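Architecture at a glance
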Amino acid sequence: MGLAVDTKNKLIFVADNCYECKIHAFDLTTKKLKYSFTAPYKPNHISIDNNEDTIVMTCMEDQYIVKMSLDGQELIWRVGGNGGGLKEGEIYDPIGVVVDQRDSFPSVLTINLLKGFEV
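Just so we're clear, the structure is a prediction, and the values are computed from it rather than from any experiment.

Description of the overall build of the protein
In terms of regular secondary structure, the protein is built from zero helices and 10 strands. If you list the helices and strands of the protein from N to C, you get β-β-β-β-β-β-β-β-β-β. Counting over 119 residues, the protein shows a buried share of 47%. Within the protein, residue pairs in contact and separated by at least 24 positions form 35% of the contacts whose partners lie at least 6 positions apart. For the protein, the accessible surface area stands at approximately 6500 Å², while carbon and sulfur atoms represent 51% of it.

Okay, here's the thing in structure tokens:
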């Protein structure tokens, strides 16, 4: 389960990968659920890009890194997929993600090497 705080929009995002592959958005002040959406893949870790009002998530089971709109309505990009992470463009078990708020570039922690990551 991943957790990210969006201070710009005053939201807390929680990735529920146990049951329904949902991302839940809670109000940062009231802690009440504002909305939820189903992620296209099983999310593990999430990070917010405040520059573009997007969410970046790692999907370890599917070997993807995904960037979506904060409401989950738009898939902006997806990288990775099948493979063992040894060939260019493959990702193996992405286990964490952080977005640099200066330039919106995601940094990903993987179990193996990350090669050919361009978006």
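Quick look at the sheet that holds strand 1 (residues 2–6)
One open sheet accounts for four strands, arranged 1-2-3-4; its pairing is antiparallel. Sheet topology places strand 1 and strand 4 (33–38) at the edges, where each strand pairs with a single neighbour. Across the sheet, the axes of successive neighbouring strands diverge by a mean angle of 20 degrees, strand direction being ignored. Relative to strand 2 (residues 11–16), strand 1 is paired through five bridges, and the arrangement is antiparallel. Of the residues in strand 2, the one forming a bridge with Val5 is Ile12.

Points about the state of the cysteines
Overall, the coordinates contain zero disulfides when judged by the stated rule. Not part of a disulfide, Cys59 finds its nearest cysteine sulfur in Cys21, a span of 8.6 Å.

Concerning the nonpolar core
Residues Phe13, Ile23, Ile46, Ile55, Met57 and Val66 are the most contacted members of the largest nonpolar core, which totals 18 residues. Within the residue set of this core, elements represented by two or more residues are strand 2, strand 3 (22–27), strand 5 (45–49), strand 6 (54–59) and strand 7 (64–69). Residues within four places of Ile55 in sequence aside, it is in contact with Phe13, Ile23, Phe37, Ile46, Ser47, Ile48, Val66, Lys67, Met68, Ser69 and Leu70. Counting seven residues, the second largest nonpolar core, distinct from the first, contains Ile65, Trp77, Val79 and Val99.

Some remarks on the sheet that holds strand 6
Taken together, the four strands give an open sheet; going across it, the order is 5-6-7-8, and neighbouring strands pair in antiparallel fashion. Each of the sheet's edge strands pairs with one partner strand only, and the pair in question is strand 5 and strand 8 (75–80). Here the average twist between neighbouring strands, direction ignored, is 15 degrees. When strand 7 meets strand 8, the two strands line up antiparallel, connected through five bridges. Its bridge partner lying in strand 8, Ile65 is registered against Val79.

Let's talk about the confidence of the model for the protein
Confidence along the protein averages 81 in pLDDT terms, with 81% of residues attaining 70 or more. Below a pLDDT of 50 lies the segment residues 113–117, which in the model reaches 17 contacts outside its immediate sequence neighbourhood of four places, other chains included.

What to know about the side chain of Asp27
With respect to the element layout, Asp27 can be found in strand 3. Within polar-contact distance, the side chain of Asp27 engages the backbone nitrogen of Thr29 at 2.7 Å. Apart from residues no more than four positions distant in its own chain, Asp27 is found in contact with Lys10, Leu11, Lys32 and Lys34.

The rules behind the values
- Residues numbered from 1 in each chain as written.
- Predicted model: local features only at pLDDT ≥ 70, side-chain atom pairs only at ≥ 80, totals over all residues.
- Heavy atoms only, no water.
- Helix = DSSP H or I, 4+ residues; strand = E, 2+ residues; numbered from the N terminus.
- Buried < 20%, exposed > 50% of the residue type's maximum accessible area, 1.4 Å probe, protein only.
- Contact = heavy atoms within 4.5 Å.
- Areas by Shrake-Rupley, 256 points an atom, 1.4 Å probe, with all protein chains shown as cover.
- Pairing = 2+ DSSP bridges.
- Axes fitted to C-alpha atoms, helices over the stretch in contact; angles between N-to-C directions.
- Disulfide = S-S within 2.5 Å.
- Core = buried A, V, L, I, M, F, W, Y, C linked by side-chain atoms within 4.5 Å.
- pLDDT = per-residue confidence, 0-100.
- Polar contact = N/O pair within 3.5 Å; in protein donor to acceptor, adjacent residues only side chain to side chain.

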